[in-house]
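Residues per chain are reported as follows:
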Amino acid sequence: MYESSSEDGRGLSMAAPVIKTDRLILRKMKRTDLSHLIEIFSDPEAMRFYRSTKTKEQAEDWISWTLRNYRTYGTGLWIAEEKASGRFLGQCGITPQDTGGVTEMEIGYLFARREWGKGYATEAALACKEYGFTSLNYSKLVSIINVHNLASICVAEKAGMKKEKTLHRAGNKMYVYSISKG
Ligand SMILES: CC(C)(COP(=O)(O)OP(=O)(O)OC[C@H]1O[C@@H](n2cnc3c(N)ncnc32)[C@H](O)[C@@H]1OP(=O)(O)O)[C@@H](O)C(=O)NCCC(=O)NCCS
């Protein structure tokens, strides 16, 4: 089951859920989420397919980038919490990304390692896809994934995405997965 706020994202208060699914709440990120994000950003295994782990300052920049995305695009990464307990699980949302000379809207997901393998990223990505197509009215969504990141490829495929092309980013080979509004 998927449920979204009737507002467009820009009018939502910081605490209001943007999206609810059976098990998850996706809500706007706040500066006070820093300690949650540090759990993911300081974990070398979670950051294996990123340039490096992130310092506290880099995590603060990430939050600033997210808040700018909310203002500019009315969307960005959201904090994923377990609906039943409010426990922090990770981040998932829609952000602008360069896919080789063009900016496209990407479904991105990063979850705390303690929560991997429970289907949360897939549940969140499916809800973001629905929200992106119905509430934000995007015609296409992508996910840019390191070719070795098999868990992420699995999530993209379970969200209905298909491999579209290959890109090179900072010396890494990346697949662009995509799906168009049906
Ligand atoms: C990618 C990530 C978000 C997946 O989160 P998750 O909540 O564990 O994802 P799900 O449980 O919904 O699904 C993961 C799927 O990948 C599969 N998988 C995991 N590791 C795998 C591997 N090494 N090879 C193949 N499949 C793998 C799982 O079996 C599962 O599929 P299944 O449900 O059919 O068994 C999580 O691993 C993560 O946060 N990684 C670090 C950040 C990251 O790399 N983000 C993606 C950037 S593009």
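Residues numbered from 1 in each chain as written. Predicted model: local features only at pLDDT ≥ 70, side-chain atom pairs only at ≥ 80, totals over all residues. Heavy atoms only, no water.

## Notes on the packing of aromatic side chains
Taken as a whole and assessed by the stated rule, the structure comprises four aromatic pairs. On the basis of an interplanar angle of 75 degrees and a centroid distance of 5.0 Å, the ring pair of Phe 41 and Trp 62 is categorised as edge-to-face. One end of the pair, Phe 41, is in helix 1 (residues 34-41); the other, Trp 62, is in helix 2 (residues 56-73), and 21 residues separate them in sequence. Note on accessibility: Phe 41 and Trp 62 belong to one class, buried. With 6.2 Å between their ring centres and 75 degrees between their planes, Tyr 175 and Tyr 177 make a pair best called edge-to-face. By way of ring pairs, the aromatic residues Phe 41, Trp 62 and Trp 65 are connected into one cluster. Here the guanidinium or amino end of Lys 28 rests over the ring plane of Tyr 70, the centre of that ring lying 5.1 Å away. Between the NZ or CZ atom of Lys 163 and the centre of the ring of Tyr 175, over which it lies, the distance is 4.2 Å. (Phe/Tyr/Trp six-rings, centres within 6.5 Å; stacked < 30°, edge-to-face > 60°. Helix = DSSP H or I, 4+ residues; strand = E, 2+ residues; numbered from the N terminus. Buried < 20%, exposed > 50% of the residue type's maximum accessible area, 1.4 Å probe, protein only. Lys NZ or Arg CZ within 6 Å of the ring centre and 35° of its normal.)

## Things to note about the site of the ligand
Phe 111, Gly 117, Gly 119, Thr 122 and Lys 158 are the nearest of the 20 residues found near the ligand. Contact between the ligand and Gly 119: an oxygen atom at 2.8 Å from a main-chain N or O atom of the residue. Asn 149 is positioned with one of its side-chain polar atoms (N or O) 2.9 Å from an oxygen atom of the ligand. Burial of the ligand by the protein chains amounts to 69% of its free accessible area of 960 Å². For the shell around the ligand, the elements supplying multiple residues, two or more each, are strand 6 (103-111), helix 3 (120-134) and helix 4 (150-158). Ranked by the residues each element gives to the shell around the ligand, the list is headed by helix 4, at six residues. Residues that form the shell around the ligand fall into these classes: 13 nonpolar, five polar and two charged. (Near = heavy atom within 4 Å. Polar contact = N/O pair within 3.5 Å; in protein donor to acceptor, adjacent residues only side chain to side chain. Areas by Shrake-Rupley, 256 points an atom, 1.4 Å probe, with all protein chains shown as cover. Nonpolar A, V, L, I, M, F, W, Y, C, P; charged D, E, K, R; others polar.)

## Topic: helix 2
Helix length check: helix 2, at 18 residues, gives a terminal C-alpha distance of 25 Å against a target of 26 Å (1.5 Å per residue), a fit within 8%. Burial in helix 2 covers these residues: Ala 59, Trp 62, Ile 63, Ser 64, Thr 66, Leu 67, Asn 69 and Tyr 70. The inward-facing, buried residues of helix 2 contact strand 3 (24-28), helix 1, strand 4 (77-82), strand 5 (88-98) and strand 6. Just past helix 2, the residue Gly 74 takes up positive phi, approximately 70 degrees. (Expected span 1.5 Å × (residues − 1). Contact = heavy atoms within 4.5 Å.)

## Some thoughts on the packing of helix 1 against helix 2
Look at helix 1 against helix 2: their axes get within 10 Å of each other, and the N-to-C directions meet at 115 degrees. Judged by the sense of rotation from one axis to the other, the crossing of helix 1 with helix 2 is right-handed. Contact with helix 1, carried on its side by Leu 34, Leu 37, Ile 38 and Phe 41, involves Lys 56, Ala 59, Glu 60, Trp 62 and Ile 63 of helix 2 and no other residues of that element. When grouped by side-chain class, the residues that make up the contact of helix 1 with helix 2 number seven nonpolar, no polar and two charged. (Axes fitted to C-alpha atoms, helices over the stretch in contact; angles between N-to-C directions. Left-handed = near helix turned anticlockwise from the far one by under 90°.)

## Comments concerning the side chain of Arg 27
Mapping Arg 27 onto the fold places it in strand 3. A polar contact is formed between the side chain of Arg 27 and the side chain of Glu 81, at a distance of 2.8 Å.

## So, the pattern of salt bridges
Scanning all chains against the criterion turns up 13 salt bridges. Between Glu 104 and Lys 140 there is a salt bridge, and its shortest N-O distance comes to 2.8 Å. Taken together, the residues Glu 104 in strand 6 and Lys 140 in strand 7 (residues 140-146) connect sequence positions 36 residues apart. For Lys 140, a relative accessible area of 23% corresponds to the partly exposed category. (Salt bridge = Lys/Arg side-chain N within 4 Å of Asp/Glu carboxyl O.)

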